[in-house]
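Observations on the model geometry
Listed below are the residues making up each chain.
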Amino acid sequence: MSLRSATLAAALAAALAGAPAHAGILFQDNFDADNNASALNFSALLNWTVSGGTIDYIRSGGFGISCVGGAGGCLDMDGSTGDAGRITSNQSFTLTPGVNYFFDVELSGNQRGGAADNVVLGIIEAGGAEFVLPIGPLAPGAAFAPFGGTFVFQPGSWRIYVEGVGGDNVGAILDNVVLRDDRAAPVPEPVTVLLFSLGLLAAGAARGRKLPC
Ligand SMILES: [Ca+2]
Ligand SMILES: [Ca+2]
Ligand SMILES: [Ca+2]
């Protein structure tokens, strides 16, 4: 590969890397930034409000629990008060007719034995209407796996929530919550321009080879 084409390839790769690879994502949280240590009955989540019980914040390795990827943070959806909690997004979302929405999470079993655990994914409107998706039972040793549901337009202002079911202080482990829609990513302008330039330069290089040197 010539120096010029290598440079162009690198520039193209950089432009592609800079493209909005996650266009269509309305919200995501990997729980890695909420705290620097595990904390029982944690209520200071950056993006969520805890209600109806408690959750525990886990730094991967804490209490023998691994988060996704073996690093960062995640949540034990049954805190340590004998009443599993709910986390509701602080952000609310207005939906658009004709668009499909996807609410995805990763969940593992409780990683500590005992009874299997259940979780509910929900969306709730400011006026109280809600739609729920029950998940489980998740065996204690169940590895992290994706779970989720889809929903369509409803009028109003909606928040998403994840709720632990039960109250034995040992809950399913939650990581990587994503709310996204199916709207196509906009074509990133710089890549279009760069591809066009690449074609022009290739044509120029071909002509250049015909000149005596
Ligand atoms: Ca995480
Ligand atoms: Ca717990
Ligand atoms: Ca439990």
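Just so it is clear, the structure is predicted and the values come from calculations on it, not from any experiment.

**Here we look at the overall build of the protein chain**
If you tally the helices and strands in the protein chain, you get two helices and twelve strands. Taken from the N to the C terminus, the helices and strands of the protein chain come in the order α-β-β-β-β-β-β-β-β-β-β-β-β-α. Across the 213 residues in the protein chain, those meeting the buried criterion constitute 34%. Sequence-distant contacts, at least 24 apart, represent 75% of the contacts inside the protein chain between residues at least 6 apart. For the protein chain, the exposed surface amounts to about 10800 Å²; the carbon and sulfur share of it is 61%.

**Quick word on the coordination of the calcium ion (ligand 3)**
Every protein donor of the calcium ion (ligand 3) is listed here as Asp117 (OD), Asp168 (OD), Asp168 (OD) and Val170 (O), and their distances to the metal cover 2.1 to 2.9 Å. Read N to C, the donor residues that coordinate the calcium ion (ligand 3) are spaced as D-x50-D-x1-V. Of this pair, Asp117 sits in strand S8 (residues 117–125) while Val170 is found in the loop between strand S11 (157–165) and strand S12 (173–181), placing the two residues 53 residues apart along the sequence. You can call Asp117 buried: its relative accessible area is 3%.

**Observations regarding the coordination of the calcium ion (ligand 1)**
Geometry reference: four tetrahedral donors at a metal, ideal angle 109.5 degrees. Six octahedral donors, ideal angles 90 or 180 degrees. Those donors, Asn30 (O), Asp32 (OD), Gly73 (O), Asp175 (OD) and Asp175 (OD), are the protein atoms that reach the calcium ion (ligand 1), and they lie 2.3 to 2.6 Å from it. Counting gaps between the donor residues of the calcium ion (ligand 1) yields the pattern N-x1-D-x40-G-x101-D. Of this pair, Asn30 sits in the loop between strand S1 (25–29) and strand S2 (48–51) while Asp175 sits in strand S12, and the two are 145 residues apart along the sequence.

**Structural notes on the nonpolar core**
Among the nonpolar cores identified, the biggest contains 32 residues, and Leu45, Ile87, Phe103 and Leu174 are the most heavily contacted of them. Every element with two or more residues in this core is listed here: S2, strand S7 (101–108), S8, strand S9 (130–138), S11 and S12. Looking at this core element by element, the count peaks at four residues for S7. Leave out the neighbours within four places in its chain, and Leu45 touches Phe31, Asp34, Val50, Ile55, Tyr57, Leu75 and Ile87. Judged by nonpolar contacts, the second largest core, of five residues, contains Ile58, Cys67, Cys74 and Ile173.

**Some points on the pattern of salt bridges**
Inspection of the entire model under this criterion finds four salt bridges. One salt bridge in this structure joins Glu163 and Arg86, with 2.9 Å as the shortest N-O distance. Of the two residues, Glu163 sits in strand S11 while Arg86 sits in strand S5 (residues 86–89), which places them 77 residues apart along the sequence. Its relative accessible area of 22% is what places Glu163 among the partly exposed residues. Residue Asp181 is joined to Arg183 by a salt bridge in which the shortest nitrogen-to-oxygen separation is 2.9 Å.

**Considerations on the confidence of the model for the protein chain**
Here the protein chain averages 85 in pLDDT, and 76% of its residues register 70 or above. Contacts for the low-pLDDT stretch residues 1–22, under 50 throughout, to residues beyond four places or in other chains number 13 contacts.

**Observations regarding the side chain of Asp117**
Of the side chains with opposite charge, Arg112 lies nearest to the buried Asp117, which makes no salt bridge, at 6.3 Å. Of note is the side chain of Asp117, whose polar atom sits 2.7 Å from the side chain of Asn110. Look past the residues within four positions of Asp117 in its chain and what remains in contact with it is Asn110, Ile135, Gly136, Pro137, Leu138, Asp168, Val170, Gly171 and Ala172.

Calculation criteria
Just so you know, the residues in each chain are numbered from 1, in the order the chain's sequence is written. As a convention, the first chain written is A and the first ligand written is 1, with the rest following in written order. Totals for whole chains, interfaces and linings use every residue, but because this is a predicted model, local features are given only for residues with pLDDT of at least 70 and side-chain atom pairs only at 80 or more, for both listing and counting. Calculation of side-chain values draws on the structure's entire complement of heavy atoms; hydrogens and water are dropped beforehand. Under the scheme used here, helices are H or I runs from DSSP no shorter than 4 residues and strands are E runs no shorter than 2 residues, and both carry numbers assigned from the N terminus. Any residue under 20% of the maximum accessible area for its type is buried, any over 50% is exposed, and the rest in between are partly exposed; the area is computed with a 1.4 Å probe on protein chains only. In this analysis, two residues are considered to be in contact whenever any of their non-hydrogen atoms come within 4.5 Å of each other. The Shrake-Rupley method, run with a 1.4 Å probe, gives the accessible areas here. Residue values count only the displayed protein chains as cover. Note that water is not among the atoms considered, so a metal site may appear incomplete; the donors listed are N, O and S atoms within 2.8 Å of the metal, with 3.2 Å applied to Na, K and Ca. Put simply, buried Ala, Val, Leu, Ile, Met, Phe, Trp, Tyr and Cys residues joined by side-chain atoms within 4.5 Å make one nonpolar core. Here, a salt bridge means any Lys or Arg side-chain nitrogen found within 4 Å of an Asp or Glu carboxyl oxygen. Confidence of the predictor at the level of single residues is captured by pLDDT, which takes values from 0 to 100. Here the positive residues are Lys and Arg and the negative ones are Asp and Glu; neither His nor the chain ends is included. Polar contact is the term for a pair of N or O atoms within 3.5 Å; when the atoms are in protein, one must be able to donate a hydrogen and the other to accept it, and sequence-neighboring residues count only if both atoms are side-chain atoms.

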